[in-house]
Every structure is written in structure tokens, then in C-alpha cells.
Amino acid sequence: MAQEILQKNDQVCSGRAVPSVAQAMNHHKASILWLPVGTKWRKLRKICKEQMSTIHHLDAKNCLGKLQDYLQECSNRGRAVDICEIGFKTSLNLLSSTFFSVDLAHLNSSSTQEMMEKVQVLIKNLGTPNLADYIPLVKLIDPQGLKHKTEVSLRRLLEILDRTLNPRFQSRGISTGSPRKKDLLEALLDFNQEDDSDFSLDDIKHLLIVSGVRLAKCGWLTLGGDVKRLDGWPLVKSVEHDRVMVMVVLFCGWRSWWFCFVGGGHGGFTGSNHGGFTDSSHGGVTGGVHGGLGGDEHVAADTITDSVQWTMAELLRNPEKMSKVKDELSSIIAENKQVEESDISRLSYLNAVIKETFRCHPAVPFLIPHKAETDITINGYIIPKNAQILVNVWAIGRDSRIWSNPDSFEPERFLDGKIDYKGHDFELITFGSGRRICPGMLLAHLMVHLMVATLIHNFNWKLEPGIEPEQLDMNEMYGISLHKAVPLKASPVKH
Ligand code: HEM
């Protein structure tokens, strides 16, 4: 079913429904994420793709060096590290140095605190159910004030970006004698100056906010998972079709909305006993601890951070897998030497570990909702124009008909290299597939590998006192993205 939607009917199913909050300060008009498939979207994707595939821009050495120094300092002081926090700051530095050649975050300072807080507000607002999205008549009055609050945070983030970017804007066209930078910002400035371009300097800032702080994970409906609650909802119909669970939720109102959840049968929403999407304490569509359709209370860690955190948690919970990763790293990279991009392709066990993490804990569990551009029939189901389509990547990863022991962490299943996450193998579509596939995939692949390898090479990791590996809390807090409910803290010990 996922293949039908993302491959065979890709063209019709590639739209996006823009929530009211994403329209704050016209954000949606500059964001690849919300733009409809068209000329501007194509041009921006092309620029991003070119920039992100030329990964030599990635100033990994500097950023990872800082990470390593910070770990060393924590090791000397016997201090535990919040993996989520260092993951966020390191990703932000890697991304900002790649995109506009500056470091935004300092690992051991509070200078990024405000930025993180503003991003938190955006993520929370964008993930909160908003009446304005369901009752168009109240859209103008913004009854929950979500759009207004988003505007306040967005404006502050744009001011922070202004401070960083204005010198670049101003020096453009002035000969400084130094060579032109070859980063994403420069490519966007070129686009802005093309004769027929409708891409303004403000658009550039909005776009960098999306890519840099990963608004990509914001603004979609947060659909919680307890199937009993789903079935209990009067407007829900659930059918088993061709060994694929399709849940069609019909919301009748001023206009008709359909949400299709596409995923594996057993896994699905009813899935595992693993603290996964079935954990009723997390609330379902009708509400709950984290607010059901919305209410994402987590810190603003991005998809990279989530992936790094889940990988470390799985390795700490499975010490024998951790030893295998360490052995591989020390057989390829000399002691005390920093991990480099060129090492990544030789780290096949680490690669299998990361694929297994993506299978078990996909950072974007429903992809970003697609929208049907016209009425379409798929596998006998009529999907009306404007229906939102959610692909349940989490359930596909936990489907026992695809994977043996789906709830066990077994990187060995990927060692033969047959399955990859580049969008061709529908068992593992962590980054999506088709024309809306994540344009940051290559960069993300590199960043996750580099960060995990840097954390593990040269350091042993100790869980907090009193916590045994098998007791590590692996509960998921799912919403717009899949977070670890309890942030991972562990102490690095230099060996
Ligand atoms: C582990 C890290 C990441 C994961 C798992 C991930 C996953 C995804 C997924 C599943 C989608 C939606 C695909 C769809 O709707 O079919 C997406 C879209 C997107 N991602 Fe990523 N992503 C990651 C990192 C990144 C990074 C580092 C960037 C940029 C620097 C990025 C930029 C984007 C953008 C701009 C879109 C929207 C594309 C569009 O709508 O055309 N992502 N990502």
C-alpha cells in the first residue's frame, strides 16, 4: 500500500495540507515542506539537493572536535551527558556550518538556550490540535492563539538569524578579496538575484529556519496510537485489506477530510508490547497525557538528535552490540583519532546498527502527511481530493510478516546490505520515497554515523548509577516525531 501511494501514485499523492499555524508570517510560502509541487518547490529542492550532496561543505572536523573535547571534559569531571542536548547542539552546528558557514551553538554554554526555547514553542504550537484547521470560519479569530504565539517565536528566531546573516547579505556584491563561500546560503542568494525570481531575502530566512532547526518535523497533525481509542471514535472505520491495515478516519464538517493510515497489519497501531504506539498512557486521537492530536511536550530535539539518542539507547541496552561497534571502530580508526567522513563507508556493522535503529524508531513515524490532489482509487479504496495520507512507517518496521523478531534489536539482519533506506525498499522508508523523499537524507546519513561513531570511539559509556542495561526506559513519546520519553543520560569514560 505504501508503495502504491509513494511510487505508483506519487504524482497525485504528493500534495501537502498547510495547517493554519504554518501560515504564520507566510512561512508556508517559502518552505519546501509546505510548498505544493511546482516550479518554486522544484527549484528549492534542486538547490538543497545539490548543496547537501556536496558534503565536503560539512565542517565535520571542527564540530566533532568540539564534541570530543566536551566528552573528554565530562569524562574528567565524571559528569553525565544529556545525549539529547549534545545531539541537538552538535547537529545545529553541523547544519549551520554547512548552510551558512557559521557555528550557532556552543556545547558548554547557554547561548543557544533561547534558540532552543523558541524552537520548542514552534514545535509545540505546530503540533497542537487547532480548531482553526477544522472549522475554517474560526480561522480568522485564531481561537487558541496558536498562530499568534507562533508568530512571536518565529519573529524572534528571524531576528537571531538576521544578526548572523545580515553581514553576508550586505557584503554581497562588495569585493572583499576573500573567495566566495560555497554554501547553501550563497546558492539561495544567487536564486534571489535571478531576474524572474520571486524568492526574497525573507524567504531565505524562513527556508533556513526549516532546514536548519528542522521545522520539517513541525506542523503536522500528531496522531496518537491506541487502536481502542481510534476504534472508539465514532467516525473511525477500520478495515483489514490484503494483509495491510488501512484505517480510514472520516471527519465530516464544512468539507470532508479523510486520513488514511497505511501500515503493516500486526504491527500497525495495535502492534507491539514494546511501549510502542499502543501504549495507552500516551493518549490516542481523543486525547491523553501528551494531548492526543497535538500537545508535543518534548524538548526540541531534531530528527538527527532523535536518531542518535535511540541508537545510543539501544547500544547501551545491548552491551554485546556496543562491543561489536567499538571493535569495528578500533579496527578501522586509530586510537584518539577523530572519526572522518571517509571512514563511514567502511563501518558496516555501525551502518547495520543505524538501519536497525531506523527500523525500530523511525524519527518521522508517519512521514509528513501527504495530500491527494485529485480523487483517486487505490487498492479499491476511493481517496477523495484533499484527503490527508499518513504512511505508518513505524508499523511497517514492526510488522512480523516482514521482519523476524520485530521487537528485538538485531543489526545483523542488515549485514548482507540488501535493504537500504534510500526509498526503493518499502520495508524501510525512514526518509520516505518518491518526489517528496527527504532531501536531507544524505546529510542525515552522514551526520548520524559521524555523531554516533564520535560518541563511541575512544569512550566507554556508563548508565546512571542504579540503572541496569535491561532496565533502560525505552518508551516512545510519539507525535510529529518519535522521541524517547525519558531523555538518555550516560557518562563517558575515556579509555
Ligand atoms: C535522521 C534524520 C532525518 C529523517 C529520518 C528525515 C525524514 C524525513 C521524512 C520522513 C520526510 C517526509 C517525506 C514524505 O513526506 O514523504 C522528510 C522531509 C523533509 N526533510 Fe528530512 N529527515 C531527516 C533529516 C533531514 C535533514 C538533516 C534535513 C535538512 C537539512 C531535512 C530536510 C527535509 C525537508 C526540507 C523535507 C521536506 C521535503 C518536501 O516536502 O519536499 N531532513 N524528512
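Each value, and the rule that gives it
- Residues numbered from 1 in each chain as written.
- Predicted model: local features only at pLDDT ≥ 70, side-chain atom pairs only at ≥ 80, totals over all residues.
- UniProt positions renumbered as here; feature names shortened; annotations may be inferred.
- Helix = DSSP H or I, 4+ residues; strand = E, 2+ residues; numbered from the N terminus.
- Buried ≥ 20, exposed ≤ 12 C-beta atoms within 10 Å, placed from the backbone.
- Core = buried A, V, L, I, M, F, W, Y, C linked by C-beta atoms within 7 Å.
- Contact = placed C-beta atoms within 7 Å.
- Near = placed C-beta within 6 Å.
- Nonpolar A, V, L, I, M, F, W, Y, C, P; charged D, E, K, R; others polar.

S.K.: Outline the UniProt feature "binding site: heme" (unreviewed entry) in the protein, supporting the account with residue identities and numerical values.
M.R.: The UniProt feature table records "binding site: heme" (unreviewed entry) at Cys 438. You can see Cys 438 is positioned in the loop between helix 15 (393–397) and helix 16 (441–456). The exposure class of Cys 438 is buried, given the 21 C-beta atoms found within 10 Å.

S.K.: Run through the nonpolar core, naming residues and quoting values.
M.R.: The biggest cluster of nonpolar side chains holds 97 residues, and the ones touching the most others in it are Val 391 and Val 452. At 10 residues, helix 16 tops the list of elements feeding residues into this core. In this view, Val 452 contacts Val 308, Thr 311, Met 312, Leu 350 and Ile 354; residues no more than four positions away in its chain are not counted.

S.K.: Please set out the environment of Phe 358 residue by residue, giving values where relevant.
M.R.: Summarising the element assignment, Phe 358 is placed in helix 14 (residues 348–360). Every residue in contact with Phe 358, bar those within four places of it in the chain, is listed here: Ser 307, Tyr 421, Leu 428 and Thr 430.

S.K.: Before we move on, could you go through the site of the ligand and cite the residues and values that matter?
M.R.: In the vicinity of the ligand there are 25 residues, among which Val 364, Gly 432, Cys 438, Gly 440 and Ala 444 approach most closely. Contributing elements (two or more residues each) for the shell around the ligand: helix 9 (201–212), helix 11 (303–317) and helix 16. Residue classes in the shell around the ligand are distributed as 17 nonpolar, six polar and two charged.

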